[in-house]
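Here is how the chains run, residue by residue.
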Amino acid sequence: MKKFIIIVFLFFLTLFLKINLTLSEGLYTAEDFKEIFLKEIKNKLSWIKGDVYVERIRIEPELVTIQKNTPYKAIFIATPKIGSNLLILEFKKDETLERVKIWGYVEAKVPVIVLKRPVLNKSILSEEDIEVELKPLSRLPQDVILDKNSVLGKEVRMSLKVGTILRYSHLERPVIIKRNQMVYIIARGKNFVVKARGLALQEGREGANIKVKNISSKKILLGKVISPEEVEVSL
């Protein structure tokens, strides 16, 4: 008799555990909430060209019994950003509304341009000087350079050591017109272009304004450097 009772007890216990396991498999878990949070934050931060991930997460309440097929509304408190974010999920169950709060610290690794060898002041950067590495976005300066095309052909303002993450403040356009260099002075009208020989009285980078002297008239003009041989003046 005792053996029979034990067998019956084990049978019902096994059945109970199976039912509970089946029910729990159909409920949202902490991992599900983490995936929802990550999906929603990636949608909001789609402008980031890198790997967005969650470093830390906290869910309240810790224990919830919400079926996975229950529709929800995702509401971020404040604009989503790299760093700390709060997402509220609202689940509508019949006539009741159940909320789950998810606090998550978001980070992203983005490609940045790094020096793979030291460079001296006034050096012009080439492919051989740089490489791309992934770095945490929250730890990067605001003027970090994310596109290597913004680096190539630029001149460094100072000597930089290997491993330096390049910033716009490190660089400037190289000097393309030297002082006392012969140039063409360009003047444009509505339907014409006038070109005259001139002498650069200052060195200049592309887009910079420098003084030039017209060789024929000896007149000193202020113009914009548009190429290594041309300075454009206004009529």
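Residues numbered from 1 in each chain as written. Predicted model: local features only at pLDDT ≥ 70, side-chain atom pairs only at ≥ 80, totals over all residues. Heavy atoms only, no water.

The next subject is the pairing of strand S3 (residues 83-93). The side chains of a regular strand alternate between the sheet's two faces. Extensive coverage of S3 is indicated by the burial of eight of its eleven residues. The turn linking strand S2 (residues 72-77) back onto S3 is made up of five residues, and Ala78 within it adopts a positive phi angle of 85°. As judged from the eleven bridges shared by S3 and strand S4 (residues 96-115), these two strands associate in the antiparallel manner. Bridge assignment links Lys92 to a residue of S4, and that residue is Leu97. (Buried < 20%, exposed > 50% of the residue type's maximum accessible area, 1.4 Å probe, protein only. Helix = DSSP H or I, 4+ residues; strand = E, 2+ residues; numbered from the N terminus. Pairing = 2+ DSSP bridges.)

Turning to the pattern of salt bridges, a few remarks are in order. Here the structure, examined in full by the defined rule, presents 15 salt bridges. For the salt bridge of Glu55 with Arg56, the shortest nitrogen-to-oxygen distance reads 3.9 Å. Taken together, the salt bridges that share partners define one network made up of Lys122, Glu155, Arg157, Glu172 and Arg205. (Salt bridge = Lys/Arg side-chain N within 4 Å of Asp/Glu carboxyl O.)

Looking now at the pairing of strand S10 (residues 193-200). Direction of pairing for strand S9 (residues 182-188) relative to S10: antiparallel, over a ladder of seven bridges. Counterpart to Ala187 in the pairing with S10 is Val194. Bridge count between S10 and strand S12 (residues 209-214): three bridges; the pairing is antiparallel. The partner of Ala200 across the bridge, within S12, is Val212.

Let's shift gears to the environment of Glu127. As for its position among the elements, Glu127 is in the loop between S4 and strand S5 (130-136). Once the C-alpha coordinates of Glu127 and Leu115 are considered, the two residues, twelve residues apart in sequence, prove to be 10.0 Å apart. Engagement of the side chain of Glu127 in a polar contact is seen with the side chain of Lys148, the distance being 3.2 Å. (Polar contact = N/O pair within 3.5 Å; in protein donor to acceptor, adjacent residues only side chain to side chain.)

What follows is about the side chain of Asp143. Checked against the element boundaries, Asp143 lands in the loop between S5 and strand S6 (155-156). Among the polar contacts listed, one links the side chain of Asp143 to the side chain of Arg167, at a separation of 2.8 Å. In contact with Asp143, not counting residues within four places along its chain, are Arg167, Tyr168 and Ser169. (Contact = heavy atoms within 4.5 Å.)

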